[in-house]
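Take a look at the letters that make up each chain.
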Amino acid sequence: MIDVAPVVQEFSFVDLFLLADWVVKSVMIVLVLMSIWSWAIAVDKWLSFRSARSKGKHFEEAFWSGRDLDSLANEYGKRPRDAFSRVFAAGLREWKGRNAGDRVAKAASAESARELSKMEGGLGMLATIGSSAPFIGLFGTVWGIMNAFRAIAAQQDTSLAVVAPGIAEALFATALGLLAAIPAVMFFNALTANLSGYAAKLEAFVDELSALADREEG
């Protein structure tokens, strides 16, 4: 008597995608695009934040180096190149006259808010991806399991060979959902903390600029 070894079905990730129906394929494509998008946003934001920190540090070193205000105005006020210098330029436009400190504070604060708003762009999308991707993956999971039950009903067979493809598709959709969501949440938290630190420095500079204007007026 010859023993016949059981046939083992193996599914690569490509096979799982190709075997899936159009609904689960759509879910997988959406999740992969969301993952790529979150990485693109994270890299872009990391580079822009790094550049902003470097330029801000350079400006602060120049500002607190003891140089006179006219020299700083000529270098940074006329050709602002970063958030700090643009806040400085906004404050300079209100520097002269009575109640200069209040007017400088309002102008610099408004410019600071605009700069931070621009820097926040894209972070909301990371939050959206992090919160929605698991549920999109869950939808694909539920649909894949439904396919598995339909296959059982159609073939009147509960063997693993019948159930496995649908279950594998379902689990793959879940994995893709987590693959998109987890990095997006981590990127969002890290970049938000980074931006909060930068915002604190920028707001402190606004206060110092206002105080300097008050001293100049007095």
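Residues numbered from 1 in each chain as written. Predicted model: local features only at pLDDT ≥ 70, side-chain atom pairs only at ≥ 80, totals over all residues. Heavy atoms only, no water.

Engineer: Please set out the packing of aromatic side chains residue by residue, giving values where relevant.
Structural biologist: For the coordinates displayed, the defined rule picks out 12 aromatic pairs. Consider the rings of Trp39 and Phe187, whose centres lie 4.8 Å apart with planes at 80 degrees: the pair is edge-to-face. Of this pair, Trp39 sits in helix 2 (residues 22-63) while Phe187 sits in helix 7 (residues 160-217), and the two are 148 residues apart along the sequence. What makes Trp39 partly exposed here is its relative accessible area of 46%. Ring centres 5.3 Å apart and planes at 90 degrees place the aromatic pair Phe59 and Phe205 in the edge-to-face group. Taken together, the residues Phe59 in helix 2 and Phe205 in helix 7 connect sequence positions 146 residues apart. By relative accessible area, Phe59 is classed as buried at 0%. (Phe/Tyr/Trp six-rings, centres within 6.5 Å; stacked < 30°, edge-to-face > 60°. Helix = DSSP H or I, 4+ residues; strand = E, 2+ residues; numbered from the N terminus. Buried < 20%, exposed > 50% of the residue type's maximum accessible area, 1.4 Å probe, protein only.)

Engineer: Run through the side chain of Ser112, naming residues and quoting values.
Structural biologist: Residue placement: Ser112 occurs in helix 5 (residues 100-120). For Ser112, a relative accessible area of 4% gives the class buried. For Ser112, the contacting residues outside a window of four places in its chain are Val87, Leu202 and Val206. (Contact = heavy atoms within 4.5 Å.)

Engineer: Residue-level account of the environment of Arg114, with values.
Structural biologist: The topology assignment puts Arg114 in helix 5. C-alpha separation for the pair Arg114 and Ala83, spaced 31 residues apart in sequence, amounts to 9.2 Å.

Engineer: Residues and numbers for the packing of helix 4 (residues 83-92) against helix 5, please.
Structural biologist: One can describe the packing of helix 4 onto helix 5 by two numbers: an axis separation of 8 Å at closest approach and a directional angle of 150 degrees. Between helix 4 and helix 5, the interaxial angle falls into the category roughly antiparallel. The two elements helix 4 and helix 5 meet at a crossing, and its hand is right-handed. Contacts between helix 4 and helix 5 involve Ala83, Arg86, Val87, Ala90 and Gly91 on the former and, on the latter, Val104, Ala107, Ala108, Glu111, Ser112, Glu115 and Lys118. A class-by-class count of the residues in the contact of helix 4 with helix 5 yields six nonpolar, two polar and four charged. (Axes fitted to C-alpha atoms, helices over the stretch in contact; angles between N-to-C directions. Parallel < 35°, antiparallel > 145°, perpendicular 65-115°, else oblique. Left-handed = near helix turned anticlockwise from the far one by under 90°. Nonpolar A, V, L, I, M, F, W, Y, C, P; charged D, E, K, R; others polar.)

Engineer: Tell me about the confidence of the model for the protein, residues and numbers included.
Structural biologist: In regions of low pLDDT, the predicted coordinates are not meant to be interpreted in detail. When pLDDT is averaged along the protein, the result is 84; 89% of the residues meet or exceed 70. Predicted confidence in the protein is weakest over helix 1 (residues 13-19), with a mean pLDDT of 73, and strongest over helix 2, with 92. (pLDDT = per-residue confidence, 0-100.)

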